[in-house]
There are 2 protein chains.
Amino acid sequence: MELTHIEHIGIAVKNLDAAISYYESVFGLRCYAVEEVKEQKVKTAFFMVGQTKIELLESTDAEGPIGKFIEKKGEGIHHLAFAVKNLENALEETESKGIQLIDKLPRKGAEGLDIAFLHPKSTFGVLTELCENKNNK
Amino acid sequence: MELTHIEHIGIAVKNLDAAISYYESVFGLRCYAVEEVKEQKVKTAFFMVGQTKIELLESTDAEGPIGKFIEKKGEGIHHLAFAVKNLENALEETESKGIQLIDKLPRKGAEGLDIAFLHPKSTFGVLTELCENKNNK
């Protein structure tokens, strides 16, 4: 598998607007996109820091994955996403090494990326996402 | 404040050797350094992914910060570290904006960086570190 960079870091927040203000005013970052991902029951906000995006995630439904995460663990870092060169191959390779996949096949995530999650039980507690941006090819 | 990139992502693990094997075998990363930071009661292992380091943290003492974190929350992402251009100024600016600091003045962290932590109560649940690498100047 070839990881090129950390694509984004997903952070669960209760109030997207308040968190956007914090990242803009304290760190001088600029929120360049807000997008709702209905399938995941989240509203997302993006910032660039060097090569990597900060993806803030507010739940639109207490029963969605981010709603449940915040109820259980509170606000904080939710997942870590690596950019890979060939997602289908990367998933096959990962599974062949005994890692449990949440998504056996790529699906569409925010910003039109192809994404898939690995299960934190197999990844030392880190909810890990693999992403491929086929839009730039 | 000027953030240049995400300097590293700190991940708390129970067994450093097992976690190093996982990042090497599954993601093809190479652990380029292992370092004990006695003051923080941790042993650390580093990998580069693009601009950003993965810093694995194994506690050397159950009463240390990583030992307590794992007892409370389990293994997983522990903190997020931004590289800044002038750490002293960044801390002053952060505090002036009402953010609670854990370290009011820079101290030495792993790899000889100057570091300081912001309190997760002020940062939407994300234990946030600011780092400056004065060795490269």
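For the structure, check the block above.
Note that the coordinates shown come from a computational prediction; the quantities given were computed from them, not determined experimentally.

Peer 1: What is the right way to read helix H1 (residues 16–27) of chain A from this model?
Peer 2: In an α-helix there are 3.6 residues to a turn, and that puts residues three or four apart on one side. Residue and element names in this part refer to chain A. When the terminal C-alpha atoms of H1 are compared, their 16 Å separation across 12 residues agrees well with the 16 Å that a helix rising 1.5 Å per residue should span. Of the residues flanking the start of H1, the one acting as N-cap is Asn15, its side-chain oxygen 3.1 Å from the backbone nitrogen of Asp17. A positive backbone phi angle near 70° is found at Gly28, which sits one or two residues after H1.

Peer 1: Teacher, can you tell me more about the sheet that holds strand E8 (residues 128–132) of chain B here?
Peer 2: Here 8 strands make up an open sheet; going across it, the order is E2-E3-E4-E1-E5-E8-E7-E6 (chain B) and the pairing mixed. Looking at strand neighbours, the two that pair on one side only are strand E2 (33–37) and strand E6 (107–108) of chain B, the edges of this open sheet. Packed on one face of the sheet, H1 of chain A meets strand E1 (3–13), strand E5 (76–84), strand E7 (114–118) and E8 of chain B and runs near 20° to E8 of chain B. Docked against the sheet, helix H1 (residues 16–27) of chain B engages E1, E2, strand E3 (42–49) and strand E4 (52–59) of chain B, running at close to 5° with respect to E3 of chain B.

Peer 1: I'm lost on the pattern of salt bridges in this one. Help?
Peer 2: Side chains bearing opposite charge may pair, as long as their charged atoms lie close to each other. Under the criterion given, the structure shown has 20 salt bridges over all chains. A salt bridge links Lys85 of chain A to Glu2 of chain A; the shortest N-O distance between them is 3.6 Å. Taken together, the residues Lys85 of chain A in the loop between strand E5 (76–84) and helix H3 (87–96) and Glu2 of chain A in the segment before strand E1 (3–13) connect sequence positions 83 residues apart. Judged by relative accessible area, Lys85 of chain A falls into the partly exposed class, the value being 48%. You can call Glu2 of chain A partly exposed: its relative accessible area is 46%. A salt bridge links Asp103 of chain B to Arg107 of chain B, with the nearest nitrogen and oxygen atoms 3.0 Å apart. Connected via shared salt-bridge partners are Glu7, Lys53 and Glu111 of chain A.

Rules behind the numbers
Residues numbered from 1 in each chain as written. Chains lettered and ligands numbered in written order. Predicted model: local features only at pLDDT ≥ 70, side-chain atom pairs only at ≥ 80, totals over all residues. Heavy atoms only, no water. Helix = DSSP H or I, 4+ residues; strand = E, 2+ residues; numbered from the N terminus. Expected span 1.5 Å × (residues − 1). Polar contact = N/O pair within 3.5 Å; in protein donor to acceptor, adjacent residues only side chain to side chain. Pairing = 2+ DSSP bridges. Contact = heavy atoms within 4.5 Å. Axes fitted to C-alpha atoms, helices over the stretch in contact; angles between N-to-C directions. Salt bridge = Lys/Arg side-chain N within 4 Å of Asp/Glu carboxyl O. Buried < 20%, exposed > 50% of the residue type's maximum accessible area, 1.4 Å probe, protein only.

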